[in-house]
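Spelled out, the chains give:
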Amino acid sequence: MARFRSPSPAPVVPRPAAFGADPSGERMARIRRSPHFDDGVFQNPGGPARTRPSGSARDFAKIYFDRQARLSRAPRGTVPVHATTLADLARPPATGLRVTWMGHSSVLAEIDGQRVLFDPVWGERCSPFPFAGPKRLHPVPVPLAALGPVDVVVISHDHYDHLDMPTIVALAGTDTLFAVPLGVGAHLEHWGVGADRLRELDWHESTRVGGLTLTATPARHFCGRGLRSTQHTLWASWVVAGAEHRVFHSGDTGYFDGFRDIGATHGPFDATMIQLGAYAEFWPDIHMTPAQGVQAHLDLQGGSPGGVLLPIHWGTFNLAPHPWAEPGEWTKDAAEEVGQAVAFPRPGEPFEPAGKLPVEAWWRAVSGPIAHPWRRPRTVEGVAGTSKGDLDLAGER
């Protein structure tokens, strides 16, 4: 009689550490109790949001792989990074509030004697793998160790361009606290952050860190790090309020009416850090255009210009089909139209919102032409049938 061997079990493929960990136990029970969790997933404010590219895959590929478009998505030279030093950051801000954009959505806010680090990404790629994925277009302005002590690290959500495992592992070796949206703490614990150093919040919940109040506020986005996204980690914008100053960090979000509610409850703000890059017509619900970003800032300020807008989520990684410098140019236009003050620091350049703002369009030196399609047509002398708006170069303003 023939004897058959049992099939060997399939090899277990180890889960990459950068994928993090799924919520479980009491953390998962708390997620299920959230008023924003329904039908097995977190729900967006304002109704369902399209989290996958919409439209034709052929149209997307045509735009994304077009040679000229591809060239426009990277700088044409070395991005001017500010040489931030430890001495720059060691001096207390004269006005009590200083903001340093480190690139993309990473921002150090020194507010009323305490230091808050938003969405720190010091890795070379925003990816679970060191050999693939979007790579930095400029180096980090300052080594992580040279930042000095940080009181609290604030994470907006668990996408790789906002939650970077190597950076978190490095910060886990310090005594900083971490404020994160509900569920995200599972990743941090997996990477060595003790539960006692986590402040894990649902929307509209607050925590105190020294003299600061940190509040998780709604955003319109989604989550996920692994091959199978369970949508069991929340995404958030954040309000940080001190005794004298208050700031807002949008995280990633589509435009929605909730900005007005956040402003009415927590504003106005001395500075807002607003996502207005990596937008595309293929995912209009989850990222904002520059015009929407400026409008979001106005909503947060009660409907009128006020405070200072710092554009974030652009300039560091190539994540969308639009030209690399377009967010800077278009934000400058949109803000000028409504009289809103905007800071355009080089990566790593500290500024105080109540002081002199960095306003130079530094990206023009390393950018190709940027279209300004809404400008009033003006005939270009010697070029029949064209307009100045059609031919405008980034450096001709």
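Treat the numbers as computed from the prediction; the structure is a model and nothing was measured.

Caption draft 1: Main features of the overall build of the protein chain. Scanning the protein chain from terminus to terminus reveals 10 helices and 15 strands. Relative to its 397 residues, the protein chain shows a buried fraction of 55%. For the protein chain, the share of sequence-separated contacts (at least 6 apart) that also reach a separation of at least 24 residues comes to 69%. Surface summary for the protein chain: the accessible area is close to 17900 Å², and the carbon and sulfur share equals 55%.

Caption draft 2: View of the side chain of His249. Following the sequence through the fold, His249 ends up in strand β12 (residues 246–249). With relative accessibility at 1%, the residue His249 sits in the buried group. At 3.1 Å, the side chain of His249 and the backbone oxygen of Ser105 are in polar contact. A polar contact is formed between the side chain of His249 and the backbone nitrogen of Gly251, at a distance of 3.1 Å. Those residues in contact with His249 that sit more than four places away from it in its chain are Ser105, Phe118, Asp119, Ser237, Trp238, Met273 and Ile312.

Caption draft 3: Layout of the sheet that holds strand β3 (residues 97–103). Taken together, the seven strands give an open sheet; going across it, the order is β8-β7-β6-β5-β4-β3-β15, and neighbouring strands pair in mixed fashion. Looking along the sheet, the strands with just one partner apiece sit at the ends: β8 (198–201) and β15 (350–351). The pairing of strand β5 (residues 114–118) with strand β6 (residues 152–154) spans three bridges and is parallel. Within β6, the position partnered with Val116 by the bridge is Val152.

Caption draft 4: How the structure looks around the packing of helix α8 (residues 290–300) against helix α9 (residues 326–338). Packing of α8 against α9 brings their axes to within 8 Å, and their N-to-C directions diverge by 45 degrees. One element, α8, and the other, α9, form an angle in the oblique class. For α8 against α9, the interelement crossing comes out right-handed. Residues Pro290, Ala291, Val294 and Leu298 of α8 pack against Pro327, Trp330, Thr331, Ala334, Ala335 and Val338 of α9. The residue makeup of the contact of α8 with α9, split by class, is nine nonpolar, one polar and no charged.

Caption draft 5: Structural context of unusual backbone geometry. The residue after Gly267, namely Pro268, is reached through a cis peptide bond having omega -5 degrees. Structurally, the position occupied by Pro268 is in the loop between α7 (258–266) and β13 (271–275). Unusually for a residue other than glycine, His104 sits at a positive phi of about 55 degrees. As for its placement among the helices and strands, His104 is situated in the loop between β3 and β4 (106–111). One non-glycine residue, His204, lies in the positive phi region at around 75 degrees. Positionally, His204 belongs in the loop between β8 and β9 (206–209). The class of His204 is exposed, set by a relative accessible area of 55%.

Calculation rules
- Residues numbered from 1 in each chain as written.
- Predicted model: local features only at pLDDT ≥ 70, side-chain atom pairs only at ≥ 80, totals over all residues.
- Heavy atoms only, no water.
- Helix = DSSP H or I, 4+ residues; strand = E, 2+ residues; numbered from the N terminus.
- Buried < 20%, exposed > 50% of the residue type's maximum accessible area, 1.4 Å probe, protein only.
- Contact = heavy atoms within 4.5 Å.
- Areas by Shrake-Rupley, 256 points an atom, 1.4 Å probe, with all protein chains shown as cover.
- Polar contact = N/O pair within 3.5 Å; in protein donor to acceptor, adjacent residues only side chain to side chain.
- Pairing = 2+ DSSP bridges.
- Axes fitted to C-alpha atoms, helices over the stretch in contact; angles between N-to-C directions.
- Parallel < 35°, antiparallel > 145°, perpendicular 65-115°, else oblique.
- Left-handed = near helix turned anticlockwise from the far one by under 90°.
- Nonpolar A, V, L, I, M, F, W, Y, C, P; charged D, E, K, R; others polar.

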